[in-house]
Amino acid sequence: MVNTHSKKAIIVVDVQNDFVDGSLGTARGVDVARGINAWLRKVVGVDGEAVASRPPIVGTLDWHINPKGHFAPEGEEPDYKNTWPVHCVADTHGAQVCAELNPELVDVWFHKGEYTAAYSGFEGHLAGEEQTLQQWLNSHEVENVTIVGIATDFCVRATALDALNAGFHVRVIEQLCSAVTEQGGKSAIQELEDAGAEIIRD
Ligand code: VGL
């Protein structure tokens, strides 16, 4: 049984311009970014009203400097499974949090993928530091994570599977996730449910 007093955190995965309407834009990206923004505003208390107790909100950012074969070679078509168009290059517009999500709603950011493909937020570390997402969650005694973001079939999936493997209770809010392909998103949600994640479907 889930201990309702165990500590929660929210993980917001890769709500960045390139995944919303940039080089790797996803169909529901804008809606999902707006939906996450509205939900987080409620979690933190609208218009700065203090909320007595609320989960920490962590965000991950794909942050590529030279991720080698993760980007399709120039002149070649990406396969959209292992190779991708250039996206989320560190310190560019494409890597920034999209305008629909107020970045101040997020308490702490983790970067991933500087020199390699990194789908899972658990490959991330605090911007400019070595502390990993897992270390941060452990040091805040987090046991339950609720995961939302982009893309359902890649980074959300990988983050949720790593969270399950690390022993967290995992919830995924399907409507607040946007997929690269509709079918890929559906399969990922089913796979996560089969692996033990709780899927919030409405
Ligand atoms: C992602 C494809 C390539 C993601 C990252 O954030 O889901 N997808 N790199």
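Keep in mind the model is a prediction, meaning the values are calculated, not measured.

**Section: the site of the ligand**
Surveying the vicinity of the ligand reveals the residues D14, F19, D62, H70, W84, H87, Y119, I150, A151, F154 and C155. Within the backbone of I150, one N or O atom sits 3.4 Å away from an oxygen atom of the ligand. For the ligand, an oxygen atom lies 3.0 Å from a polar atom in the backbone of A151. Starting from 260 Å² of accessible surface for the ligand in isolation, the protein chains cover 99%. Taken together, the residues that form the shell around the ligand break down as 7 nonpolar, 2 polar and 2 charged.

**Some thoughts on the pairing of strand β5 (residues 142-150)**
Most of β5 sits out of view: 8 of its 9 residues are buried. Examined bridge by bridge, strand β1 (residues 7-13) and β5 share 7 bridges and lie parallel to one another. The residue bridging I10 from the neighbouring strand is T146, located in β5.

**A short note on the packing of aromatic side chains**
Counted according to the given criterion, the structure contains 5 aromatic pairs. Look at Y80 and W84: their rings are 5.9 Å apart centre to centre, the planes differ by 85°, and that puts the pair in the edge-to-face class. For W84, a relative accessible area of 3% translates into the label buried. With 6.3 Å between their ring centres and 80° between their planes, F110 and W136 make a pair best called edge-to-face.

**Brief notes about the sheet that holds strand β7 (residues 198-200)**
Read from one edge to the other, the open sheet built from 7 strands follows the order β4-β3-β2-β1-β5-β6-β7, with strand pairing classed as mixed. Lying at the two open borders of the sheet, with one neighbouring strand each, are β4 (125-126) and β7. Here helix α4 (residues 152-165) sits on the sheet in contact with β1, β3 (108-112), β5 and β6 (169-178), set at roughly 175° to β5.

**Re helix α2 (residues 29-44)**
The end-to-end C-alpha separation of α2 is 22 Å, in line with the 22 Å expected for 16 residues at 1.5 Å each. Three or more residues of α2 are buried, namely G29, V32, A33, I36, N37, L40, V43 and V44. For α2, the buried positions fall inside an angular range of 140° around the axis, keeping them on one side. α2 presents D31 and K42 as exposed residues on the side facing more than 90 degrees away from its buried surface. On its buried face, α2 sits against β1, α1 (17-20), β2 (57-62), β5 and β6. Positioned one or two residues after α2, G45 has a phi angle of 100°, which is positive.

**Regarding the packing of α4 against helix α5 (residues 182-194)**
Here α4 crosses α5 at 5°, and the two axes come no closer than 9 Å. For the element pair α4 / α5, the angle class is roughly parallel. On the side of α4, the interface is formed by T152, D153, R157, A160, L161 and L164, while α5 contributes G184, G185, A188, I189, E191 and L192. Here the contact of α4 with α5 is built from residues that sort into 6 nonpolar, 3 polar and 3 charged.

**Concerning the pattern of salt bridges**
Within this structure, the stated rule accounts for 8 salt bridges. E193 is the partner of R201 in a salt bridge, and the nearest nitrogen-oxygen pair spans 3.2 Å. The class of R201 is partly exposed, set by a relative accessible area of 41%. Residues joined in a network through salt bridges with shared partners are D14, D62 and K112.

**A short note on unusual backbone geometry**
With omega at -5°, the peptide bond leading from I150 into A151 counts as cis. Its place among the elements puts A151 in the loop between β5 and α4. Although it is not a glycine, K68 adopts a positive phi angle of roughly 50°. Take K68: it is sitting in the loop between β2 and β3.

About the thresholds
Residues numbered from 1 in each chain as written. Predicted model: local features only at pLDDT ≥ 70, side-chain atom pairs only at ≥ 80, totals over all residues. Heavy atoms only, no water. Near = heavy atom within 4 Å. Polar contact = N/O pair within 3.5 Å; in protein donor to acceptor, adjacent residues only side chain to side chain. Areas by Shrake-Rupley, 256 points an atom, 1.4 Å probe, with all protein chains shown as cover. Nonpolar A, V, L, I, M, F, W, Y, C, P; charged D, E, K, R; others polar. Buried < 20%, exposed > 50% of the residue type's maximum accessible area, 1.4 Å probe, protein only. Helix = DSSP H or I, 4+ residues; strand = E, 2+ residues; numbered from the N terminus. Pairing = 2+ DSSP bridges. Phe/Tyr/Trp six-rings, centres within 6.5 Å; stacked < 30°, edge-to-face > 60°. Contact = heavy atoms within 4.5 Å. Axes fitted to C-alpha atoms, helices over the stretch in contact; angles between N-to-C directions. Expected span 1.5 Å × (residues − 1). Arc of directions from axis to C-beta. Parallel < 35°, antiparallel > 145°, perpendicular 65-115°, else oblique. Salt bridge = Lys/Arg side-chain N within 4 Å of Asp/Glu carboxyl O.

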